[in-house]
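Observations on the model geometry
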Amino acid sequence: MEYNLIIGGKEVKTDNMKKVFDKYSGEVIAEVSQADEKEVDDALNAAVKAKKVLADTPAHKRAEYIFKAVEIIKGKREFLGKLIAMEAGKPIKYALGEVDRCIENLTFAGEEAKRIHGETFPVDASKAGENRYGFYERFPIGVVVAISPFNFPLNLAAHKVGPAIAAGCPVILKPAGLTPLSGIELIKAFVEAGVPEGAVSVLAGSGSQVGEMLIKDKRVSKISFTGSREVGEHITKTAGLKKVTMELGSNSAVIVDEDVYDLGYAVKRCVLGAYYNQGQVCISVQRIYVHKNIYNEFLERFVSATEKQVIGNPLDEKIDVGPMISEAESIRVESWIDEAKNQGVNILTGGQREGVIYFPTVITDAEDSMRIVKDELFAPAVVIMPVDSFEEGVKRADNSAYGLQAGVFTKDVNKAINAFKNINVGGVMVNDIPSFRVDHMPYGGNKGSGLGREGAKFAIEDMTVLRACIFNFNM
Ligand code: NDP
């Protein structure tokens, strides 16, 4: 299969083609045109031209474009599921789940397109404002650059493209180099839905080249980035006077209290959160703090459930755990876990690599200072630690440079509120894992996870600027 770039709505083939591989079999699944300086410039010019047209497009029409794209994606559900399974190595049952989430996510963006409005404000709260009447409205911010990571190649791109069209902003997508196909399919759906010329582009190419050109360009008003902390910090420093949204990595913790409602349920959810998409999820379960009175039972059940995970080709419906995104990543995970082994941890199951596969791994007896506890491991491996009390769990869960989400399993509402107030993260899930997310919720992290905001309503707010208007009745 051959994939072209899309520039301002038109397909463009370039001489420089890059292969995209099936992450499990290593077979070539497509060749994709790569963008260079000219294509970046063309996409930016097309976007600039489309600014006024899109800004003048009425809300119901912008919503309609999005709803049409949704219908197109619905019609390609199975195809897109397979594409994600192959290009990202995501087990098919989860890949289809990602397509379903994309459909719902874009639907929320379409609905929110009709709810973008300002409000009045009491100008006469100031003495200088007597006899004046004021209100503000929201206007599209301008050209949006959307940069997405490999792990949810369709839905995370949709989290940016949907709100941009809803807000009336032209958008240029730069998908991850290893997984560009789903993003190109997403943009194709918008083109087929009839968005105005110039409104959407997708530029495949490397982050350090194409991404870099986009983030530096003065024609861009807003960068919406999801990816690693390192690249996020670099973009923040390089972007200059642009609005930036950063959705970065994390190292999510769960606390399981002795008064947990149902230990079996907690184990089942934690196993899912630890190994789902091979742990390559920004809110995957990495640290579990278990009350000492139930620690042994939790461990026994967790290890037994881990050993039941079915590993293999993501295209097989029975598979729970597939390949890492690349062998290099699998080797990196091996080296981190080997380092921890040398520092004295116990590996209760897993701890091995076979090519691109890293086996689901349970680690105990780790120290807080170890890399596998404090950094983002981003792998199908979890560290389980006993705590003397729920409160100790809260302190240790919060003791992280990151802060996307946390989970607590407890019957006690007071303890749940304590966790909510004292763990500095973007969201606390009570009686669930940090990996729970619905796509319209206010989502984003604190500390090293960035200060992003997603969920269509919030993303749209960040893709608009406020303009106030004050009428003077003093003459
Ligand atoms: P990266 O940061 O490596 O890449 C993300 C995107 O940035 C890719 O499209 C990449 O392109 C691009 N990029 C790289 N360098 C630059 C640059 N200099 N300028 C502009 N763009 C650049 O992340 P991964 O793809 O490896 O994704 C994994 C990370 O994403 C993890 O840390 C994970 O936690 C985080 N993440 C956060 C989420 C959240 O919502 N908070 C959700 C999902 C993931 P290329 O691929 O071509 O290098």
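Let me sum up the structure you'll find in this document. Residue indices follow the written sequence of each chain, beginning from 1 at its first position. Totals for whole chains, interfaces and linings use all residues, but because this is a predicted model, local features are given only for residues with pLDDT of at least 70 and pairs of side-chain atoms are given and counted only at 80 or more. To obtain the side-chain values, all non-hydrogen atoms of the structure were used and water was disregarded.

Secondary structure is summarised from DSSP: a helix means a run of H or I of at least four residues, a strand means a run of E of at least two, and numbering begins at the N terminus for each. A tally of regular secondary structure across the protein gives 15 helices and 22 strands. The size measure is the radius of gyration over C-alpha atoms, and the globule rule it meets is 2.2 Å times the number of residues to the 0.38 power. In summary, the protein has a C-alpha radius of gyration of 23 Å against a globular reference of 23 Å for 475 residues, a match within 12%. Projecting the C-alpha coordinates of the protein onto the three principal axes gives extents of approximately 75 × 65 × 40 Å. Counting every position in the protein, which comprises 475 residues, the buried fraction comes to 57%. Contacts in the protein between residues at least 24 apart in sequence constitute 73% of all its contacts with a sequence separation of at least 6. Calculation of accessible area relied on Shrake-Rupley with a 1.4 Å probe; when residues are assessed, cover is drawn exclusively from the protein chains displayed. Here the protein has roughly 19,500 Å² of accessible surface; of this, 52% comes from carbon and sulfur atoms. The positive count covers Lys and Arg only, the negative count covers Asp and Glu only, and His and the chain ends enter neither. For charged residues, the charge sits on one atom: NZ in Lys, CZ in Arg, CG in Asp, CD in Glu. Looking at charge distribution, the protein has the averaged site of its 57 positive side-chain charges lying 5 Å from that of its 64 negative ones. Relative accessibility decides the category of a residue: with a 1.4 Å probe and only protein chains considered, values under 20% of the type maximum give buried, values over 50% give exposed, and everything between is partly exposed. Contacts were defined at the residue level, with two residues in contact if any of their heavy atoms lie within 4.5 Å.

A pair of strands is treated as paired once DSSP finds two or more bridges between them. Strand order across the open sheet formed by three strands is S1-S5-S4, with mixed pairing between neighbours. Edge positions in the sheet fall to strand S1 (2-3) and strand S4 (17-21), since each has one partner strand and no second. Sheet topology places S1 next to strand S5 (residues 28-33); two bridges connect them, and they run parallel. Along S5, the bridge assignment pairs Tyr3 with Val32.

Our next topic: the sheet that holds strand S6 (residues 119-121). In spatial order, the strands read S6-S7-S22; together these three strands make up an open sheet with antiparallel pairing. Single-partner strands in this sheet number two, and they are S6 and strand S22 (464-472). Between one strand axis and the next, the sheet turns by 30° as a mean value, whatever way the strands run. Pairing of S6 with strand S7 (residues 132-140) involves three bridges; the strand directions are antiparallel. Bridging across to S7, Glu119 finds its partner in Tyr136. Note on geometry: axes are lines fitted to C-alpha atoms, helical ones only across the stretch in contact, with angles between N-to-C directions running from 0 to 180 degrees.

Another aspect to go through is the site of the ligand. In the vicinity of the ligand, 31 residues are found, and the nearest of them are Ser148, Glu212, Ser228, Leu248 and Glu376. Contact between the ligand and Ser148: an oxygen atom at 2.8 Å from a main-chain N or O atom of the residue. Polar contacts, as used here, are pairs of N or O atoms within 3.5 Å; protein pairs need one atom able to donate a hydrogen and one able to accept it. Residues neighboring in sequence count only if both atoms are side-chain atoms. One nitrogen or oxygen atom from the main chain of Gly207 is found 2.9 Å from an oxygen atom belonging to the ligand. Protein contact buries 86% of the 910 Å² of open area that the ligand shows by itself. Elements with a contribution of two residues or more to the shell around the ligand: helix H7 (207-216), strand S11 (220-226) and helix H8 (229-238). The dominant element in the shell around the ligand, judged by the number of residues it contributes, is H7, at four residues. Nonpolar residues are Ala, Val, Leu, Ile, Met, Phe, Trp, Tyr, Cys and Pro. Charged residues are Asp, Glu, Lys and Arg, and all others, Gly as well, are polar. For the shell around the ligand, a count of residues per class yields 15 nonpolar, 12 polar and four charged. What fixes the domain bounds is an automatic or database domain assignment. Formed jointly, the shell around the ligand draws a minimum of three residues from each of two domains, domain 1 (2-248 + 450-469) and domain 2 (253-442). Throughout, the term near means that a residue has one or more heavy atoms lying within 4 Å of the molecule or strand in question.

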